[in-house]
Amino acid sequence: MTYVVTDACIRCKYMDCVEVCPVDCFYEGENMLVINPSECIDCGVCEPECPAEAILPDTESGLEKWLELNTTFSAQWPNVTRKGDQTPADADEHKGETGKYDKYFSAEPGAGD
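Residues numbered from 1 in each chain as written. Predicted model: local features only at pLDDT ≥ 70, side-chain atom pairs only at ≥ 80, totals over all residues. Heavy atoms only, no water.

Trainee: With reference to specific residues and values, describe the overall build of the chain.
Mentor: The helix and strand tally for the chain stands at 4 helices and 4 strands. The C-alpha radius of gyration of the chain comes to 12 Å, within 12% of the 13 Å expected for a compact globule of 113 residues. Overall, the chain is about 30 × 30 × 25 Å in size when its C-alpha atoms are taken along their principal axes. Counting only residues that meet the buried cut, the chain has 43% of its 113 residues in that class. Roughly 5600 Å² of accessible area belongs to the chain as shown, and the carbon and sulfur atoms make up 46% of that amount. Across the chain, the mean location of the 8 positive side-chain charges is 6 Å away from that of the 23 negative side-chain charges. (Helix = DSSP H or I, 4+ residues; strand = E, 2+ residues; numbered from the N terminus. Rg over C-alpha atoms; globule rule 2.2 N^0.38 Å. Buried < 20%, exposed > 50% of the residue type's maximum accessible area, 1.4 Å probe, protein only. Areas by Shrake-Rupley, 256 points an atom, 1.4 Å probe, with all protein chains shown as cover. Lys, Arg positive; Asp, Glu negative; His and termini not counted. Charge placed at Lys NZ, Arg CZ, Asp CG, Glu CD.)

Trainee: Let's hear about the nonpolar core: which residues, and what values?
Mentor: Core analysis: the biggest nonpolar cluster contains 32 residues, and Val5, Phe26, Met32, Leu33, Ile35 and Ile55 have the highest contact counts within it. Contact partners of Met32, with chain neighbours within four places excluded, come to Val5, Thr6, Cys9, Ile10, Lys13, Tyr27, Leu69, Trp77 and Phe105. (Core = buried A, V, L, I, M, F, W, Y, C linked by side-chain atoms within 4.5 Å. Contact = heavy atoms within 4.5 Å.)

Trainee: Tell me about unusual backbone geometry, and name the residues and values.
Mentor: Of note, Lys13 is a non-glycine position whose phi angle comes to about 45°, a positive value. You can see Lys13 is positioned in the loop between strand S1 (3-5) and helix H1 (16-20). Look at Lys13 and you get buried, because its relative accessible area is 3%. Positive phi outside glycine occurs at Met15, with the angle close to 75°. Position of Met15 among the secondary structure elements: in the loop between S1 and H1.

Trainee: An account of the environment of Lys83 is needed here, citing residue identities and associated values.
Mentor: Relative to the helices and strands, Lys83 is located in the loop between helix H2 (64-74) and helix H3 (91-94). By relative accessible area, which is 39% here, Lys83 ends up partly exposed. Spatially, the C-alpha atoms of Lys83 and Val20 are 9.7 Å apart, while their sequence positions differ by 63 residues. Dropping the residues within four chain positions of it, Lys83 is found in contact with Tyr14, Met15, Asp16, Val18 and Glu19. A distance of 3.5 Å separates a polar atom in the side chain of Lys83 from a polar atom in the side chain of Asp16. (Polar contact = N/O pair within 3.5 Å; in protein donor to acceptor, adjacent residues only side chain to side chain.)

Trainee: Any chance you could break down the packing of aromatic side chains for me, citing the residues and the numbers?
Mentor: Throughout the structure, instances matching the rule amount to 5 aromatic pairs. Ring geometry for Phe73 and Phe105: centres 5.4 Å apart, planes at 65°, overall edge-to-face. One end of the pair, Phe73, is in helix H2; the other, Phe105, is in the segment after helix H4 (100-104), with 32 residues separating them in the sequence. Each member of the pair, Phe73 as well as Phe105, carries the same accessibility label: buried. Through pairs of rings, three or more aromatic residues link up here, namely Trp66, Phe73, Trp77, Tyr101 and Phe105. The ring of Tyr104 has Arg11 lying over it, and the distance from NZ or CZ to the ring centre is 4.6 Å. For Lys65, the ring lying beneath its charged end belongs to Tyr101, and the centroid distance is 4.0 Å. (Phe/Tyr/Trp six-rings, centres within 6.5 Å; stacked < 30°, edge-to-face > 60°. Lys NZ or Arg CZ within 6 Å of the ring centre and 35° of its normal.)

Now the structure itself:
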């Protein structure tokens, strides 16, 4: 098992999860984070820290797409180990919005640490 970041993170990117991760397995895209499934130790401390409720265990049904996306982009995007000022100013406006992957997903990397 591992945890994955879903489209609920897109345009929110609060990054509270990054601060508590003991193995630094988060990677930063332009407008969302992903978890490297090979590095995640399944501790679960990140899940309750996410205000957008974007982090879920991959054992939940229907998350295959997100496991693949997290695997792919954690290999391409820079590692991020601390919360910075990357949270978008309009993050709260996008919290809970549906269909964010199709509307806003960007494959561009973020700044990382």
